[in-house]
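Fold and geometry: a report
Read off the chains here:
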Amino acid sequence: LSYERGELLRDPRSYDQFEADLRAYHKTFFGDKNVMAYRVAWGSTGSGTPDSMRFSVGGAESVRGYEYGAFDGYDQFYASIENRTRFGKNGNVQLVAFFDIGNAWQKTKIENGKKINAPDRHNAGKFADLKKGVGVGIRLNTPIGPLRFDFGWPVGNKMDDDGMKFYFNMGQSF
């Protein structure tokens, strides 16, 4: 759980930002070779929050199958389920299958030719228009830490034509 209070210099705006990030892991009937991993994250921030401090959902850390920061907003929700299976003599290779779901919400309107963003609490409260992604990944344990290679696809919306996204990172996704 985290809370942040922000006051902007030379600007009367201030904001409060809350975020919860819950994670759980358990072994399956395959014992030490297979683990299920779960993550749920939720956040909300005030209407005075600057663009750079609002939430971004999409990419390797939230909803895979979409570009990094594909969805921006004052409210966010995302969840992931991963099945992680170790292979090899020392378990240095891990195969992962995952499902991600989430979105970030805001309303955008044009006033005097300028784009104005505002919170969209109604749709955020209903968890409207959740984006989904599925995929597979490989984790390689190296002396410098795990290397992560994920392949994600968007599911069930207009962005399906975008096709597969590839992500490379270090460490587990969560």
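In the block above lies the structure referred to throughout.
Here goes a summary of the coordinates provided. (Residues numbered from 1 in each chain as written. Predicted model: local features only at pLDDT ≥ 70, side-chain atom pairs only at ≥ 80, totals over all residues. Heavy atoms only, no water.)

In terms of regular secondary structure, the protein is built from 1 helix and 12 strands. Its helices and strands taken in sequence order, the protein reads β-β-β-β-β-β-β-β-β-α-β-β-β from the N to the C terminus. Referenced to the eigenvectors of the C-alpha coordinate spread, the extents of the protein come out at roughly 65 × 35 × 30 Å. For the protein, with 174 residues in total, the buried portion stands at 41%. Total accessible area computed for the protein in this model is approximately 10000 Å², and 58% of it derives from carbon and sulfur atoms. (Helix = DSSP H or I, 4+ residues; strand = E, 2+ residues; numbered from the N terminus. Buried < 20%, exposed > 50% of the residue type's maximum accessible area, 1.4 Å probe, protein only. Areas by Shrake-Rupley, 256 points an atom, 1.4 Å probe, with all protein chains shown as cover.)

Once that is clear, we can look at the environment of Asp 120. Topologically, Asp 120 is positioned in the loop between strand E9 (114–118) and helix H1 (121–125). By relative accessible area, Asp 120 is classed as buried at 10%. Distance from Asp 120 to Ser 14, taken between C-alpha atoms, is 18 Å for residues 106 residues apart in sequence. Setting aside anything within four residues of it in sequence, one finds Asp 120 in contact with Trp 105, Gln 106 and Lys 107. Side chain to side chain, Asp 120 and Asn 123 meet in a polar contact 2.9 Å long. (Contact = heavy atoms within 4.5 Å. Polar contact = N/O pair within 3.5 Å; in protein donor to acceptor, adjacent residues only side chain to side chain.)

Next up on the list: the sheet that holds strand E11 (residues 145–155). Here we have 8 strands laid out as an open sheet, ordered E1-E2-E3-E6-E7-E10-E11-E12, and antiparallel in their pairing. Looking at the sheet topology across the chains shown, the edges are occupied by strand E1 (2–7) and strand E12 (165–170). The mean inter-strand angle of the sheet, taken between neighbouring strand axes irrespective of direction, is 20°. Pairing of E1 with strand E2 (residues 14–28), which is carried by 6 bridges, proceeds in the antiparallel orientation. The partner of Ser 2 across the bridge, within E2, is Glu 19. (Pairing = 2+ DSSP bridges. Axes fitted to C-alpha atoms, helices over the stretch in contact; angles between N-to-C directions.)

Our focus in this paragraph is the side chain of Arg 139. When you line up the elements, Arg 139 lands in strand E10 (residues 131–142). Relative accessible area serves as the criterion here: at 0%, Arg 139 is assigned to the buried category. A polar contact is formed between the side chain of Arg 139 and the side chain of Gln 172, at a distance of 3.1 Å. With sequence-adjacent residues up to four places away left out, Arg 139 is seen in contact with Arg 64, Glu 82, Asn 92, Val 93, Gln 94, Val 96, Leu 147, Arg 148, Phe 149, Asp 150, Gln 172 and Ser 173.

Any link to function would need more than the numbers given here.
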